[in-house]
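# Residue-level structure breakdown
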Amino acid sequence: MARTDNLQVAQDNWIGCLTYQSTATKIPDATELQSLARQARARNRSVGVTGMLLFEEGRFLQTLEGPPEGLEAIWSSVARDQRHSEIEVLSKHMAPARLFTGWDMFLSSNVSRIPDPVGGQFDLPPAVAEHVRKAVQMSLDGDDIGLNALMAALAEQGWTSDAVLSLLIEPAARALGDAWLADDCTELDLTIAISMLQMAGHAVRYETAPQGIRSSRYSILLATAPGEPHMLGTALLADQFTDAGWQVEMAFPDTEEALLNQLGAQKPDAVDIGLSDALFRQQSLDRLRSAVEHSRLVPANHPTVVSVGGRLFAEAAATAASVGADHARMTVAGASIRMAELVRKSRRENSRRGR
Ligand SMILES: Cc1cc2nc3c(=O)[nH]c(=O)nc-3n(C[C@H](O)[C@H](O)[C@H](O)COP(=O)(O)O)c2cc1C
């Protein structure tokens, strides 16, 4: 198991920051997850550790930050906890400032949508929310210089690529959607602002991806849902999958038929079909369900893993099961890692069936 030894070489006032992902050995229900987070908060607070815990489809993603001794104490408990396995450290570094100031454990999960009186997991940590507010304003003002400067400042503070995507760009897209719904901006303002976020998001690259994750030989078709004009998630996925070594094709089809034509020609290992990251698009669910169902049939004799995404899934209003997909992403962050696992699993099952 990876250890945090190099975190001991601390500069004055710098803090250690560790991010890992793991698989739950048993799926926790909302009560178990909240009790885990509550205990974690109490102990983290006692040793000056802050962070976030994301639980999605049987997987944990956690960032822990704090003084090296405190972080080491928590990590040595977490690493031998039997409630999860396949623990993979994604990043481990020293940072000049905390990301989760004031948050002993920020919990985000689609199974625990019950308000938690202690945690309040619906809100972003205040320092993060302030960055989101700035990003929204700058993208509405068309201030690309300001946005780029913000991205550079966050990278300098030690924000990981996943943190920028899931804690800044995606929340900013949802806030822009809310601004449009509240009539605070026009549809054109919204579309331009989303493409500003998309440009800023291109600055996020996965240079620090662990070796091995980069050398994937899998192929994926990244498509917007038929007729969907917002392409933020699809564009951000393209950077991530390319950096992870996937063969990437993109499609922005107007109709289901156009999507299926491209799938039939390309026969990728996986397809991701994205709805808007800013707006809910409930009215598109039936069409998406049909696109998912037919996507499975088109590349005959070639199993294709189907994933879906967009605000509707990020806020757990809809699930993978409700549209017949293999996976619904709550965030773009870490998507290539999860998809590689699903493709591997589908290939294993397929070769077992063929035997
Ligand atoms: C995914 C996951 C994340 C956890 N995160 C924390 C945490 O941030 N802080 C914490 O004190 N315990 C956390 N725990 C619980 C610890 O693993 C452990 O049960 C607890 O700290 C008690 O430590 P001990 O068993 O060494 O006494 C987590 C457990 C799991 C499964």
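Throughout what follows, the structure given in this document is the object of discussion. (Residues numbered from 1 in each chain as written. Predicted model: local features only at pLDDT ≥ 70, side-chain atom pairs only at ≥ 80, totals over all residues. Heavy atoms only, no water.)

## Digging into unusual backbone geometry
Of note in this structure, Glu 86 is not a glycine but carries a positive phi near 50°. Looking at the secondary structure, you find Glu 86 in strand 4 (residues 84-95). Take Glu 86: its relative accessible area is 59%, and that puts it in the exposed class. Of note, Arg 281 is a non-glycine position whose phi angle comes to about 60°, a positive value. Along the chain, Arg 281 falls in the loop between strand 8 (270-274) and helix 9 (285-297). The exposure class of Arg 281 is buried, given its relative accessible area of 16%. (Helix = DSSP H or I, 4+ residues; strand = E, 2+ residues; numbered from the N terminus. Buried < 20%, exposed > 50% of the residue type's maximum accessible area, 1.4 Å probe, protein only.)

## A closer look at the packing of helix 5 (residues 161-181) against helix 7 (residues 232-243)
The relative placement of two packed helices is expressed as an angle between their axes plus a distance between the axes. Contact geometry of helix 5 with helix 7 gives a least axis separation of 11 Å together with a crossing angle of 155°. On the basis of their axis angle, the class for helix 5 and helix 7 is roughly antiparallel. Crossing geometry of helix 5 relative to helix 7 is assigned as right-handed. Of the residues in helix 7, those touching helix 5 at Leu 165, Ile 169 and Ala 173 are Leu 232, Leu 236 and Gln 240. Per-class residue counts for the contact of helix 5 with helix 7 are five nonpolar, one polar and no charged. (Axes fitted to C-alpha atoms, helices over the stretch in contact; angles between N-to-C directions. Parallel < 35°, antiparallel > 145°, perpendicular 65-115°, else oblique. Left-handed = near helix turned anticlockwise from the far one by under 90°. Contact = heavy atoms within 4.5 Å. Nonpolar A, V, L, I, M, F, W, Y, C, P; charged D, E, K, R; others polar.)

## So, the site of the ligand
Residues in close proximity to the ligand total 16 residues, the closest being Arg 43, Asn 44, Gln 62, Ser 77 and Asp 81. In this structure, an oxygen atom belonging to the ligand sits 2.7 Å away from a side-chain N or O atom of Arg 43. At 3.5 Å, a side-chain N or O of Arg 80 approaches an oxygen atom of the ligand. Elements with a minimum of two residues in the shell around the ligand: helix 1 (30-46), strand 3 (59-66) and helix 2 (68-79). (Near = heavy atom within 4 Å. Polar contact = N/O pair within 3.5 Å; in protein donor to acceptor, adjacent residues only side chain to side chain.)

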